[in-house]
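Observations on the three-dimensional arrangement
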Amino acid sequence: MITPGATIDIIAPSSSSADKEVALAVAFVKSLGYTPRLPDELHGGNIPFLAHDDTHRFKQLTDALTAADSEAVWVMRGGYGTGRLMSMLLEIKPPERHKWLIGFSDATNLHLLLNQFWGWSTLHAPVLVQLGAGKIADPSVEKLKDMLWGQKKQAGLSPLSSLNEAAKGVQT
C-alpha cells in the first residue's frame, strides 16, 4: 500500500515523453491522491530514443530509489534505455527503506534487479504515459488502484489456458 498523499517520484529511465504526456501523467498521479514529483530535466540532451544521457537517467533513477521522503517510483514510459543503467545500479548499496517501483516494458529489468538483488517488492503495472492518456481499460485501472491503496495484496491472471500444443508441453 502507498499511503494517501504520499510522494511518488516520476522518472524517465528509458525513452522520452512529450510535455503533454508528462502533464497528463502528473494529473493521473494526483487523481489517485498522491503527490507526484518530477526530477529536474526529466528529458533533455537530444539523445535519440532516450529521455536523457545515461549519467543523467541513472542519477534520476538513484535519486528516486534512495529518496527518504517518497514511497514509490513510477516509470513514465518504456522503450530502449533502462538496460544501459543496470550495471551501474548493481554497484550501489541498496537503501534500507524499500519502496515500490511501478511500470513495465523496459522497466522489467529494474523489477528483476530490485527483486533479486535488493529484495524489494515491485508492481509490474502500466506506465504513466498509458495511464495519463486513458489507454488502459477501466477494469485494469481499478485493479491497479486496489493494489496501490492496499485493498488487494496481489493480482493474478486466472484461469489461464494454453494457446497451442507447444504451450501445453505436448511433444508433436
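Look up a bit, the structure's there.
Since we're looking at a predicted model, the values are computed, not measured. (Residues numbered from 1 in each chain as written. Predicted model: local features only at pLDDT ≥ 70, side-chain atom pairs only at ≥ 80, totals over all residues. Heavy atoms only, no water.)

Looking now at the packing of aromatic side chains. Going through the model one piece at a time under the given rule, you end up with two aromatic pairs. A centroid spacing of 5.1 Å and a plane angle of 70 degrees characterise the contact between tryptophan 118 and tryptophan 120, whose relative ring orientation is edge-to-face. The class of tryptophan 118 is buried, set by a relative accessible area of 8%. (Phe/Tyr/Trp six-rings, centres within 6.5 Å; stacked < 30°, edge-to-face > 60°. Buried < 20%, exposed > 50% of the residue type's maximum accessible area, 1.4 Å probe, protein only.)

To continue, consider helix α4 (residues 108-116). Considered for burial, the residues of α4 that qualify are Leu110, His111, Leu113 and Leu114. In the core, the buried residues of α4 are packed alongside α2 (54-66), α3 (86-90), β4 (100-103) and β5 (123-124). (Helix = DSSP H or I, 4+ residues; strand = E, 2+ residues; numbered from the N terminus. Contact = heavy atoms within 4.5 Å.)

As a further point, take the pairing of strand β1 (residues 7-11). For β1, the buried fraction is high: five of the five residues fall into the buried class. Residues Thr7, Asp9 and Ile11 point to one face of β1 and Ile8 and Ile10 to the other, with burial holding for every one of them. In this structure, β1 lies alongside strand β2 (residues 35-37), joined through three bridges in parallel fashion. By the bridge assignment, isoleucine 8 is partnered in β2 with proline 36. (Pairing = 2+ DSSP bridges.)

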